[in-house]
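Per-entry structural report
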Amino acid sequence: MDNNNNNNIKKIGIFGGSFNPVHRGHMEMANLAIEKLDLDRLYLVPVGTPCHRCDNDFVSGQDRMAMIKLVCLNNKKLFPCDYEIISEKVSYTYDTLLKIAEIHPDSLIYEIIGEDSAEYLTSWKNYEKMVDLCKFVFFKRKGYQSTIHGLLTIEAPLFNISSTLIREKIKNNEPLEDYITPEVEEYIREHNLYR
Ligand code: ATP
């Protein structure tokens with residue numbers, strides 16, 4: 001994360017996930033969040049050691065981060081954040097939020113989440129404190145019917161895509177262009193990931 005000129009940055013988004021790998025659904029969400037919330041910057045934060053799920057060991061944090069860096073190259077407002085990847089501790093979004101709030105004082109922070117994550121949001125570490133520090137922004141997801149109320153919802157088409165689907169397609173040697181960017185596809189091929 002670069003810490004320069006942060007005083008001019010007033011609206012920040014945080015979008016965390018396994019990103020295993022980062023896919024076009026994530027990109028659509030990121031672009032829509034930037035546009036609809038008028039964000040100055042959106043951080044993509046790959047989880048390091050997750051507390052809820054254990055699916056991030058398909059590939060290393062470094063590889064997931066490298067793919068995120070590739071998709072950030074095409075958008076000036078999108079920034080990779082390696083805070084959770086380089087931390088030795090279990091990743092909690094609360095800690096990441098504190099860190100980002102510290103380097104962007106006086107800015108409004110939005111936490112971007114999909115419907116499957118929103119279902120267990122209230123069990124996140126320090127959820128009540130997070131509500132004071134950020135606004136949760138929520139995207140609906142195909143196959144989920146959440147009963148969450150009071151979150152800011154971004155109206156968007158349902159993106160019928162997941163990293164699980166992509167990992168399956170890679171194993172089956174199926175075309176990937178509808179699901180990931182060419183740069184990410186090339187990275188996966190070069191490093192022989194998800195085989
Ligand atoms: P996996 O299939 O491995 O579980 P995933 O596709 O859900 O992965 P994650 O990296 O776990 O991807 O997702 C990061 C965030 O993006 C989560 O908040 C998740 O809910 C959200 N998300 C991912 N894909 C979609 C989608 N197609 N629609 C809405 N939200 C999504």
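Please read all numbers here as calculations on a predicted model, not as lab measurements. (Residues numbered from 1 in each chain as written. Predicted model: local features only at pLDDT ≥ 70, side-chain atom pairs only at ≥ 80, totals over all residues.)

1. Quick word on the environment of Ile-85
Counting through the fold element by element, Ile-85 comes out in helix H3 (residues 83–86). Here Ile-85 falls in the buried class, since 20 other C-beta atoms lie within 10 Å of it. Placed 41 residues apart in sequence, Ile-85 and Asn-126 show a C-alpha to C-alpha distance of 21 Å. Excluding anything up to four places from it in sequence, Ile-85 contacts Pro-46, Gly-48, Gly-61 and Met-65. (Helix = DSSP H or I, 4+ residues; strand = E, 2+ residues; numbered from the N terminus. Buried ≥ 20, exposed ≤ 12 C-beta atoms within 10 Å, placed from the backbone. Contact = placed C-beta atoms within 7 Å.)

2. Here we look at helix H4 (residues 93–103)
Each α-helix winds once per 3.6 residues, and so residues spaced three or four apart point in a common direction. Within H4, the full set of buried residues consists of Thr-93, Thr-96, Leu-97 and Ile-100. Within H4, the buried residues cover an arc of 100° as seen down the axis, which keeps them to one side. Where H4 is buried, its residues contact strand E1 (11–17), strand E2 (41–46), H3, strand E4 (108–114) and helix H6 (127–133). (Arc of directions from axis to C-beta.)

3. Thoughts on the nonpolar core
Counting residues in each nonpolar core, the largest one holds 38 residues, and the members touching the most others are Phe-15 and Leu-44. Listing elements by their share of this core, those giving two or more residues are E1, helix H1 (24–37), E2, helix H2 (61–72), H4, E4, strand E5 (135–139) and helix H8 (182–190). Not counting residues up to four positions away in its chain, the partners in contact with Phe-15 are Met-29, Ala-30, Leu-42, Tyr-43, Leu-44, Val-45 and Ile-112. (Core = buried A, V, L, I, M, F, W, Y, C linked by C-beta atoms within 7 Å.)

4. Concerning the pairing of E1
Of all the seven residues making up E1, six are buried; the element is thus mostly covered by neighbouring parts of the structure. Alignment of E1 against E4, held across five bridges, turns out to be parallel. Across the sheet, Phe-15 pairs through a bridge with Ile-112, a residue of E4. In the sheet, E1 pairs with E2 via six bridges, with the strands oriented parallel. (Pairing = 2+ DSSP bridges.)

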